[in-house]
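Architecture and fold: a report
This is what each chain is made of:
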Amino acid sequence: MSSTPAITAPKSDIVPAAPPPPAHVAIIMDGNGRWAQARGLPRLAGHRAGARAVRRTIEAALAHNVGWLTLYAFSSENWRRPRDEVSDLTALLRHYIKSEIAELAANGVRLRFIGEAGRFAPDIQASLAEAERMTAANTRLNLTIALSYGGRAEIIAAARLIAGAVASGEIDPATLDEAEFARRLFTAGMPDPDLIIRTSGERRLSNFLLWQAAYAELIFLNVLWPDFGAAHFAEALADYAGRERRFGARPA
Ligand code: IPE
Ligand code: IPE
Ligand code: MG
């Protein structure tokens with residue numbers, strides 16, 4: 001066997017450089033109700049199981065060194081659900097923050113909340129503010145939870161602030177740009193999401209990060225949120241790694 005031809009090129013020649021991993025992953029955590037229904041359980045059981053999936057997802061983000069994770073937990077429109085379900089969800093939120101905050105803080109997680117916090121009960125508002133304050137110096141994972149969040153409401157709120165600044169002469173409408181506008185969004189200072197994952201098989205954004213999602217890669221998974229785990233997170237990152245992001249420019 002003196003002249004076996006080289007049939008494989010050196011690895012570096014055939015494997016394209018992997019694109020950088022997503023700096024910011026955002027997730028629309030959908031399907032708790034269907035998960036419960038499939039088991040003949042009340043919807044609350046699905047929301048509780050969903051909270052356990054949140055825990056697994058944070059662990060996965062930490063393991064993959066994702067710096068920013070944003071979770072859509074409750075939309076502005078979710079207030080329209082039956083009163084019992086809304087009160088179950090707010091009770092779960094109250095419990096979740098109290099039970100998880102110490103461990104999140106110890107793991108270097110910085111918590112932020114985006115949305116209309118003022119619509120929650122005063123004790124919840126206080127514990128959201130306290131959780132943000134307690135973790136403000138952490139840098140390992142920026143975890144943002146969207147609560148009573150709606151993309152259109154967020155854009156209108158920013159527009160209102162801009163209008164006020166124009167009226168007071170602080171901003172000249174002729175020079176208003178995207179960066180100036182984005183500084184008035186709930187997400188001011190945060191990078192835009194690189195990857196948005198939605199579970200449950202629905203293929204829509206449901207008013208999530210409308211401004212920020214302009215160039216996000218979208219992944220829709222046929223898994224109900226309470227079943228989501230580390231393997232799904234890894235699968236989504238692998239799918240993302242194969243995408244070509246162009247931002248409107250000519251393909252390479
Ligand atoms: C997501 O699960 C949780 C919230 C929206 C609060 P759903 O409650 O929407 O579950 P499905 O979509 O009805 O299965
Ligand atoms: C989106 O899910 C909101 C969250 C996951 C928090 P919904 O279940 O409220 O969305 P629609 O009603 O199916 O669009
Ligand atoms: Mg849903």
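Just so it is clear, the structure is predicted and the values come from calculations on it, not from any experiment. (Residues numbered from 1 in each chain as written. Chains lettered and ligands numbered in written order. Predicted model: local features only at pLDDT ≥ 70, side-chain atom pairs only at ≥ 80, totals over all residues. Heavy atoms only, no water.)

A look at the overall build of the protein
Basically, it comes down to this: For helices the rule is a DSSP run of H or I covering at least 4 residues; for strands it is a run of E covering at least 2, with both sets numbered from the N terminus onward. Three exposure classes are used, based on accessible area relative to the maximum for each residue type with a 1.4 Å probe and protein chains only: buried under 20%, partly exposed in between, and exposed over 50%. Residue-level accessible areas treat just the shown protein chains as cover; the underlying method is Shrake-Rupley with a 1.4 Å probe. In this tally, Asp and Glu contribute negative charge and Lys and Arg positive charge; neither His nor the terminal groups of the chain are included. Here the site of a charge means atom NZ of a Lys, CZ of an Arg, CG of an Asp or CD of a Glu.
On a plain count of helices and strands, the protein comes out with eight helices and six strands. Judged by the C-alpha coordinates and their principal axes, the protein covers about 80 × 60 × 35 Å. A total of 252 residues make up the protein; the buried ones form 43% of that total. Of the roughly 13,800 Å² of accessible surface on the protein, a fraction of 55% belongs to carbon and sulfur atoms. One way to put it: in the protein the 29 positive side-chain charges average out to a point 4 Å from where the 27 negative ones average out.

Side note on the packing of aromatic side chains
Inclusion rule: Geometry of aromatic contacts follows a simple scheme: Phe, Tyr and Trp rings, the Trp one being its six-membered ring, pair when their centres are within 6.5 Å, and the pair is stacked under 30 degrees between planes, edge-to-face over 60, tilted otherwise.
All chains considered together, the criterion is met by ten aromatic pairs. Relative to Trp79, the ring of Phe74 has its centre 4.9 Å away and its plane inclined at 75°; by these criteria the two rings are edge-to-face. Classification of Phe74 as buried rests on a relative accessible area of 5%. Taken together, the aromatic side chains of Tyr72, Tyr149, Phe186 and Phe208 make up a single cluster linked through ring pairs.

Thoughts on the pattern of salt bridges
How we decide: We count a salt bridge whenever a side-chain nitrogen from Lys or Arg sits within 4 Å of a carboxyl oxygen from Asp or Glu.
What the rule picks out here adds up to 19 salt bridges. For Arg184, the salt bridge is made with Glu180, and the minimal N-O distance between the two is 2.5 Å. Using a relative accessible area of 17% as the deciding quantity, one classes Arg184 as buried. Note that Arg245 is salt-bridged to Asp194, the shortest N-O span being 3.0 Å. Of this pair, Arg245 sits in the segment after α8 (230-241) while Asp194 sits in the loop between α7 (178-182) and β5 (195-198); the two residues are 51 residues apart in sequence, bridging distant segments of the chain. Residues joined by salt bridges that share partners form a network here, namely Asp30, Arg34, Arg198, Glu202 and Arg204.

Details of the site of ligand 1
Worth spelling out the cut-off: We define proximity as follows: a residue is near a molecule or strand when any one of its heavy atoms falls within 4 Å of that partner. Using a 1 Å grid laid over the protein atoms alone, points where a 1.4 Å probe fits but cannot get out form a cavity; open sets with protein on both sides within 12 Å along at least 5 of 7 lines form a pocket; any residue with an atom within 4 Å of a point counts as lining. A molecule is said to be in a cavity or pocket once over half of its atoms fall within 2 Å of that pocket's grid points. For this classification, Asp, Glu, Lys and Arg are treated as charged, while Ala, Val, Leu, Ile, Met, Phe, Trp, Tyr, Cys and Pro are nonpolar and the rest, including Gly, are polar.
Asp30, Gly33, Arg34, Arg43 and Arg81 are the nearest of the 13 residues found near ligand 1. Out of a free accessible area of 380 Å², ligand 1 has 87% covered by protein chains. Comparing atom positions with the cavity grids shows ligand 1 to sit within the largest pocket. Secondary-structure elements contributing two or more residues to the shell around ligand 1 are α2 (32-38), α3 (43-63) and α4 (83-106). A breakdown of the residues in the shell around ligand 1 according to their chemical character gives three nonpolar, five polar and five charged.

Examining empty space enclosed by the protein
Applicable threshold: Grid points are joined across faces, edges and corners, and a volume is the space filled by probe spheres set on the points.
This structure, assessed with the given rule, holds one cavity of 30 Å³ or more. Within this model, the largest cavity holds a volume of roughly 40 Å³. If you go around the largest cavity, the residues you meet are Tyr96, Ile97, Ile101, Leu104, Leu111, Phe113 and Ile145. Of all elements in the fold, only α4 and β3 (109-114) reach the threshold of two or more residues within the lining of the largest cavity. No other element matches α4, which puts four residues into the lining of the largest cavity. Residues that form the lining of the largest cavity fall into these classes: seven nonpolar, no polar and no charged.

Details of the sheet that holds strand β4 (residues 141-149)
Put simply, the rule reads: DSSP bridges decide pairing: two strands pair if at least two such bridges lie between them. Geometry is summarised by axes, namely lines fitted to C-alpha atoms with helices restricted to the contacting stretch, and by angles between N-to-C directions that run from 0 to 180 degrees. The contact rule is simple, with two residues in contact once any of their heavy atoms fall within 4.5 Å.
The six strands lie next to each other as β3-β4-β2-β1-β5-β6, forming an open sheet whose pairing is parallel. Where the open sheet ends on each side, the last strands, each with one partner, are β3 and β6 (217-220). Each strand axis lies, on average, 20° off the axis of its neighbour in the sheet, ignoring direction. Running at roughly 155° to β3, α4 makes contact with β2 (68-75), β3 and β4 of the sheet.

Overview of the site of ligand 2
Keep this limit in mind: Think of a polar contact as two N or O atoms within 3.5 Å of one another; within protein, one of them needs to be a possible hydrogen donor and the other a possible acceptor, and neighboring residues in sequence only count if both atoms come from side chains.
For ligand 2, the full set of nearby residues is Ile28, Met29, Asp30, Tyr72, Ala73, Phe74, Asn78, Arg81, Arg198, Arg204 and Ser206. Separating an oxygen atom of ligand 2 from a side-chain N or O atom of Arg81 is a distance of 3.3 Å. Relative to its unbound accessible area of 390 Å², ligand 2 is 77% covered by the protein chains. The site holding ligand 2 turns out to be the largest pocket. Broken down by element, the residue count for the shell around ligand 2 peaks at three residues, all from β2.

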